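Working through the structure, step by step
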Amino acid sequence: QVHVVESGGGLVRPGGSLRLSCAASGSIFSIDVMAWYRQAPGKQRDLVAAILSGGHTNYADSVKGRFTIDRDNAKNTMYLQMNDLKPEDTAVYYCKVDLWTKTFTRRTDWGQGTQVTVSS
């Protein structure tokens, strides 16, 4: 059993900042990829940023220079620092984890999502 929980969403004014967290727990041997996705109303779920276990990162063009993804492998936790937020960043943000369990089963788990609203 694996649990993935996001936190840190909320309402912020344009130009403001938020820091999201994602914590994975349960029968985890190792985590390969941790990623943030977001889904705005009526739109598809899109990749925001991803980070590999070795620290390599990838960002959507729309957030480059504003968002920073990081992870703590010892805590199975990932963060997304979001600066200079814009109204178009408004969405539900989801954490996705690609991992190996302690029984060496490969699986992908998603969190329940956290709402980020950017509005004046």
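These numbers were taken from a predicted model, which means no experiment stands behind them. The numbering scheme is per chain: residues are counted from 1 as the chain's sequence reads. pLDDT decides what is reported in this predicted model: residues at 70 or higher carry local features, side-chain atom pairs at 80 or more are listed and counted, and totals for whole chains, interfaces and linings draw on all residues regardless. To get the side-chain values, all heavy atoms of the structure are used, and hydrogens and water are removed first.

Right, let's get into the overall build of the chain. Secondary structure assignment for the chain yields 0 helices and 11 strands. What counts as a helix is a DSSP run of H or I of at least four residues, what counts as a strand is a run of E of at least two, and both are numbered from the N terminus. Secondary structure elements in the chain, listed N-terminal to C-terminal, are β-β-β-β-β-β-β-β-β-β-β. A globule of 120 residues ought to have a C-alpha radius of gyration of about 14 Å, and the chain, at 14 Å, matches this closely. Taken over the C-alpha atoms alone, the chain extends approximately 50 × 25 × 20 Å along its principal axes. All accessible-area figures derive from a Shrake-Rupley calculation using a 1.4 Å probe, and residue coverage is judged against the displayed protein chains alone. Just so you have it, the chain exposes about 6300 Å², and 49% of that area is on carbon and sulfur atoms. Counting rule for charge: Lys and Arg are taken as positive, Asp and Glu as negative, and neither His nor the chain ends is counted. By convention, the charge on Lys lies at NZ, on Arg at CZ, on Asp at CG and on Glu at CD. Averaging the positions of the 14 positive and the 11 negative side-chain charges in the chain gives two centres separated by 2 Å. This radius of gyration counts C-alpha atoms alone. The globule rule is 2.2 Å times how many residues there are, raised to the power 0.38.

A separate point is the nonpolar core. To define a nonpolar core, start from buried Ala, Val, Leu, Ile, Met, Phe, Trp, Tyr and Cys residues and group those joined through side-chain atoms within 4.5 Å. Residue exposure (1.4 Å probe, protein chains only): buried if accessible area is under 20% of the type maximum, exposed if over 50%, otherwise partly exposed. Trp36, Leu80, Met82, Tyr93 and Val97 are the most contacted members of the largest nonpolar core, which has 30 residues in total. Counting only elements with at least two residues in this core, the list comes to β1 (2–7), β3 (18–26), β4 (28–39), β5 (46–52), β7 (67–72), β8 (77–82), β9 (91–101) and β11 (114–118). For this core, the element with the most residues is β9, which contributes 5 residues. Here, two residues are considered to be in contact whenever any of their heavy atoms come within 4.5 Å of each other. If near-sequence neighbours (up to four positions away) are discounted, Leu80 is found in contact with Leu18, Arg19, Leu20, Trp36, Val48, Ala49, Phe67, Thr68, Ile69 and Tyr93.

Further remarks concern the packing of aromatic side chains. Planes of paired rings set the category: under 30 degrees apart is stacked, over 60 is edge-to-face and the rest tilted, where pairs are Phe, Tyr or Trp rings (Trp by its six-membered ring) whose centres lie within 6.5 Å. Within the structure shown, the criterion is met by 2 aromatic pairs. Only when the NZ atom of a Lys or the CZ atom of an Arg is both within 6 Å of the ring centre and within 35 degrees of the ring normal do we say a charge sits over the ring. Over the ring of Tyr94 we find Arg45, and its NZ or CZ is 3.6 Å from the ring centre.

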